[in-house]
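Structural overview
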Amino acid sequence: MNNQQKFNLIAGGAGGRKDMSFSSEYRTDILTDMLKLSAVKIAWSEKEKPIFLEITPISIDQIDQATGARVACYAYRDIQYLAQVIGPQGAFAIVCGNQERIHLFRCSDPVSLINAAVEAAALYLGLILTRSPSPLNIDWCLEMRLGPMATPENMISTAEFVLQKVAPYRHGDSAPPISRTLCLTECFLVERDPISYRPISAHSLREVSVLCSFICSRTLQSLKGFVHIIIEPFDIEILEDATDCTFICQKAD
């Protein structure tokens, strides 16, 4: 049985418009993969991790290249602005949320990616995404990564807890827990690397909607004290949402 499907692709660039016709039984797979853009995520440690970025009708999604798992979703409604970044080649920033947290990436053509996101937001949601009129500096982005409210004064701890973090949505179901220091300040719940003490994330206490403890013997039978933190906005039916954090209290009874 012949399942060949014909489809046309229209590409534009410096050389002008190009119309291309194809025929394949894997039409859906081809078009899906073509909409994934190979990129690099610049992490809190300034290490780079290969990822895919996918422009969807409602968001820019971050996909793990190794597993194909969707590990982060930057909804257009939550994006404050998009900006190119001066420094690493092809760097750009997605600035999200009321806290204006800066997420850094690199790709071969950041201008086209930003244009595609702006067009998708306008076409599917009638939303106008803001673009920074001038590029951001990489040093400024790293300094302000957690947002303008995350000042040194607001990051001073009033209490700290040694924990282990479980993040199956990012590292896979079989990945071991990661050591973290969870710090409570007057304004934030701050997650820090215990070795370097560098902040990894900082969530405003105004946005922490749920703190709940539970027992999960399936993951680690020897560590029974769990704290699950849900940061708004969240989907209560999807506990592996990228805004959720699950920690294991090492000294729990």
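The structure displayed is predicted, hence computed values, not measured ones.

What counts and what doesn't
- Residues numbered from 1 in each chain as written.
- Predicted model: local features only at pLDDT ≥ 70, side-chain atom pairs only at ≥ 80, totals over all residues.
- Heavy atoms only, no water.
- Helix = DSSP H or I, 4+ residues; strand = E, 2+ residues; numbered from the N terminus.
- Buried < 20%, exposed > 50% of the residue type's maximum accessible area, 1.4 Å probe, protein only.
- Contact = heavy atoms within 4.5 Å.
- Polar contact = N/O pair within 3.5 Å; in protein donor to acceptor, adjacent residues only side chain to side chain.
- Pairing = 2+ DSSP bridges.
- Axes fitted to C-alpha atoms, helices over the stretch in contact; angles between N-to-C directions.
- Expected span 1.5 Å × (residues − 1).
- Arc of directions from axis to C-beta.
- pLDDT = per-residue confidence, 0-100.

**Re the environment of Gly-97**
- Residue placement: Gly-97 occurs in the loop between strand S8 (91–96) and strand S9 (101–107).
- A relative accessible area of 23% places Gly-97 in the partly exposed class.
- The spacing of Gly-97 and Ala-75 is 22 residues in sequence and 9.5 Å in space, taken between C-alpha atoms.
- Once residues lying within four places of it in the same chain are set aside, the contact partners of Gly-97 are Asp-78 and Gln-80.

**Overview of the side chain of Arg-180**
- Take Arg-180: it is sitting in strand S12 (residues 178–184).
- Overall, the relative accessible area of 10% leaves Arg-180 in the buried class.
- At a separation of 2.8 Å, a polar atom in the side chain of Arg-180 contacts the side chain of Glu-191.

**A short note on the sheet that holds strand S7 (residues 79–86)**
- Strands sit in the order S6-S5-S4-S3-S9-S8-S7-S10 across an open sheet of eight strands; the sheet is mixed. Each end of this open sheet is capped by a strand with a single partner; those strands are strand S6 (70–75) and strand S10 (136–137).
- With four bridges connecting them, strand S3 (residues 36–42) and S9 associate as antiparallel partners. By the bridge assignment for S9, Val-40 is matched with Arg-106.
- Each of S3, strand S4 (48–55), strand S5 (59–64), S7, S8 and S9 is contacted by helix H2 (residues 110–125), which is oriented at about 170 degrees to S7, the strand it contacts most.

**Details of H2**
- Between its first and last C-alpha, H2 extends 22 Å over 16 residues, near the 22 Å set by a 1.5 Å rise per residue.
- Those residues of H2 lying buried are Pro-110, Leu-113, Ile-114, Ala-117, Val-118, Ala-120 and Ala-121. What you see down the axis of H2 is that its buried residues fit within an arc of 160 degrees, all on one side. Across from the buried face of H2, at angles greater than 90 degrees, the exposed residues are Glu-119 and Leu-123.
- Where the residues of H2 are buried, they touch S3, S4, S5, S7, S8 and S9.
- Phi turns positive one or two residues past the end of H2, at Gly-126, with a value near 65 degrees.

**Considerations on the confidence of the model for the chain**
- Residues at a pLDDT of 70 or more form 73% of the chain, whose mean pLDDT is 79.
- In the model of the chain, strand S16 (residues 225–231) stands out as the element of lowest mean pLDDT, 44, in contrast to S7, which has the highest, 97.
- Between residues 216–244, whose pLDDT stays under 50, and residues either more than four places distant or in other chains, the model counts 71 contacts.
- Residue range residues 248–253 is modelled with pLDDT below 50. Its contacts to residues more than four positions away, or to other chains, number 16 contacts.

**A look at unusual backbone geometry**
- At Glu-46, a position not held by glycine, the phi torsion is positive, near 70 degrees.
- Its place among the elements puts Glu-46 in the loop between S3 and S4.
- Exposure remark for Glu-46: the relative accessible area of 44% places this residue in the partly exposed category.
- The backbone phi angle of Tyr-197 is positive, close to 65 degrees, even though this residue is not glycine.
- Looking at the element boundaries, Tyr-197 is found in the loop between strand S13 (188–192) and strand S14 (199–204).
- Relative accessible area serves as the criterion here: at 36%, Tyr-197 is assigned to the partly exposed category.

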